[in-house]
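Next come the chains, spelled out residue by residue.
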Amino acid sequence: MSGVGPGHGSGNELLAAIRRLLATDGASDPVETAARVAWSVIVEPGDSVAGELMAALGAERALGSVLLAADGAFDELLEGCGEAGVPGAEDPDAFAGVLHTAIDRWRPRLVRSDVADVVASAEAVGARLLVPGSAGWPTAIDDLGPHAPLVLWTRSATAGVGDGAPALAVVGSRANTVAGAEAAAEITSAAADAGCTIISGGAYGIDAVAHRVAIAAGATTVAVLAGGIDQLYPAGNVQLLHNVARQGALVAESAPGTRPTRWRFLARNRLIAALADAAVVVEAGARSGALNTAHHAGQLGRPVFAVPGAFASSASVGCHRLVAQGRAQLVVHPGDPVAAMRPVAASGVSAVADEPLVSVQRDPEVVRVLDALGRRALPEAEIARRSGLSGAEVADALALAQLQGLVAHSSGGWGRA
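What this report covers is the structure whose coordinates are included nearby. (Residues numbered from 1 in each chain as written. Predicted model: local features only at pLDDT ≥ 70, side-chain atom pairs only at ≥ 80, totals over all residues. Heavy atoms only, no water.)

## Details of the packing of helix H5 (residues 74–84) against helix H6 (residues 92–110)
Relative orientation and spacing of two packed helices are given, respectively, by the angle between their axes and the distance between those axes. It is the contact of H5 with H6, at a shortest axis distance of 11 Å, that shows an interaxial angle of 120°. Comparing their axes, H6 and H5 come out oblique. For the pair H5 and H6, the crossing hand works out as right-handed. On H6, the residues touching Phe74, Leu77, Leu78 and Cys81 of H5 are Pro92, Phe95, Ala96, Leu99, His100 and Ile103. For the contact of H5 with H6, a count of residues per class yields nine nonpolar, one polar and no charged. (Axes fitted to C-alpha atoms, helices over the stretch in contact; angles between N-to-C directions. Helix = DSSP H or I, 4+ residues; strand = E, 2+ residues; numbered from the N terminus. Parallel < 35°, antiparallel > 145°, perpendicular 65-115°, else oblique. Left-handed = near helix turned anticlockwise from the far one by under 90°. Contact = heavy atoms within 4.5 Å. Nonpolar A, V, L, I, M, F, W, Y, C, P; charged D, E, K, R; others polar.)

Set out below in structure tokens:
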């Protein structure tokens, strides 16, 4: 491993570079941080075995033990895991198989990960390094447990990923419809007005709409990248991503130089879900990656919302399934997702849940029934005579109006509520 531990010449230069990337955070051990960076090169995002080893042994010790195990000292690693209480190590026979499998998948990168190159690439784009416990580390990400990122790379004009404000994830189809863009804009605008940070993935479509509206509203917005912090993707959104970095933050867990792949797009969705207090899927096809974000949000206990679309819209079938399966709440008002976030709700912001539905107020038969009502309660027969409707039509209209709190029934008949 090139330049992980302290030493002479290049080793000291590496630790100095690590300190620069950590900025003013003097609490983080640069040697331990360098080992974390090495781990982030070796493993793919969300590797739970690596996460468990690091949590129990520490990044530097875990890395050294794995390197020795790859060279033949496997029993020492297995014994160390048992002594440190790594989950699963209480059954050495079964855990040995888990470790062998993990080392086999890590082996191709164990001898090729150069931390110095990674650090140099990060410095070249002005990135900052965050590790658990460092200033600016988003503690919400720790809810991912062993699947949490080992490090985070950020590009931001601010100190950290977020500013402590409630955060809403707005995600959806890359090939959005006009209606989807309008819905995303309204939801994002409502969240921005409530002081929320907007989290998304920087992609085309709904993601881009959410970021642009947040920027226009002066709200903090965070884009979670699927590749390295120096890999701004897609190419058509490079300027948008630069704007996000100026007003919020770009975030990546993969080492600089890592190219986005389909797997990494799916893995980064768990970060979008974890960073947010609630998530809303605006549009999603049957196999949309946005559904993956909703799945992670649900597993983490975050409220999940879905925007309804046209019955036959392929762009909304994923949203409809989320609601039908009970995995998401229906967005009725743009403020609904904001109202579900407890820190915001506590401040008095709420959706207008008690407003009568516009469609009911404008229903012609309901309007005629309401017009027929006077100052005193009337029986249905008199309402039918005054409105020119049949008895059955009056009964249906009154039932709709009563559901919306527009009329009330008493011993004398029906009157306005």
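Once the structure has been displayed, the description carries forward.
## Some details on the sheet that holds strand E1 (residues 128–130)
Across the sheet, nine strands lie side by side as E1-E2-E6-E5-E4-E3-E7-E8-E9; this open sheet has mixed pairing. Lying at the two open borders of the sheet, with one neighbouring strand each, are E1 and strand E9 (329–330). Bridge count between strand E3 (residues 167–171) and strand E4 (residues 197–200): three bridges; the pairing is parallel. Bridged to leucine 168 within E4 is isoleucine 198. (Pairing = 2+ DSSP bridges.)

## Quick notes on the nonpolar core
Counting residues in hydrophobic clusters, the biggest one holds 57 residues, and the most contacted among them are Trp39, Leu53, Leu99, Trp106, Leu129, Trp153 and Leu250. In terms of nonpolar packing, the next biggest core, distinct from the first, is built from 34 residues, Ile141, Val171, Ala294 and Ala328 among them. (Core = buried A, V, L, I, M, F, W, Y, C linked by side-chain atoms within 4.5 Å. Buried < 20%, exposed > 50% of the residue type's maximum accessible area, 1.4 Å probe, protein only.)

## Some points on a negative patch on the surface
On the surface, Asp75, Glu76, Glu79 and Glu83 cluster together into a negatively charged patch. As for its position among the elements, aspartate 75 is in helix H5. (Patch = residues over 30% accessible without salt bridge, like charges linked within 9 Å, V, L, I, M, F, W, Y side chains within 5 Å. Areas by Shrake-Rupley, 256 points an atom, 1.4 Å probe, with all protein chains shown as cover. Salt bridge = Lys/Arg side-chain N within 4 Å of Asp/Glu carboxyl O. Lys, Arg positive; Asp, Glu negative; His and termini not counted. Charge placed at Lys NZ, Arg CZ, Asp CG, Glu CD.)

## Considering empty space enclosed by the protein
Counting across every chain of the model gives two cavities of 30 Å³ or more. A volume near 100 Å³ is recorded for the largest cavity. Lining the largest cavity we find Ser40, Val43, Glu44, Pro45, Gly46, Asp47, Ala148, Pro149, Leu150, Val151, Glu253 and Ser254. Looking at the lining of the largest cavity residue by residue, the classes come out as six nonpolar, three polar and three charged. Of the volumes computed, that of the second largest cavity is approximately 30 Å³. Pro45, Leu225, Ala226, Glu253, Ser254, Arg264, Ala267 and Arg268 are the residues that line the second largest cavity. Residue classes in the lining of the second largest cavity are distributed as four nonpolar, one polar and three charged. (1 Å grid on protein atoms, 1.4 Å probe; cavity = no way out; pocket = protein on both sides within 12 Å on 5 of 7 lines; lining within 4 Å. Points joined across faces, edges and corners; volume = space filled by probe spheres on them.)

## A closer look at the pattern of salt bridges
If you walk through the whole model with that rule in mind, you get eight salt bridges. For glutamate 44, the salt bridge is made with arginine 109, and the minimal N-O distance between the two is 2.8 Å. Placement of glutamate 44 in the loop between helix H2 (30–42) and helix H3 (48–57) and of arginine 109 in helix H6 is noted, with a sequence separation of 65 residues between them. The exposure class of glutamate 44 is partly exposed, given its relative accessible area of 22%. For glutamate 382, the salt bridge identified is with arginine 386, shortest N-O distance 3.0 Å. Taken together, the residues span about one helical turn, with glutamate 382 and arginine 386 both in helix H18 (residues 380–387) at a distance of four residues. Look at the salt bridges and you will find they share partners, linking Glu44, Arg109 and Arg264 into a network.

## Section: the environment of valine 171
Among the structural elements, valine 171 can be located in strand E3. Overall, the relative accessible area of 4% leaves valine 171 in the buried class. Valine 171 sits 110 residues away from valine 281 along the chain, and the two C-alpha atoms are 5.2 Å apart. If near-sequence neighbours (up to four positions away) are discounted, valine 171 is found in contact with Ser200, Ile206, Asp207, Ile272, Val280, Val281, Val282, Glu283, Ala290 and Thr293.

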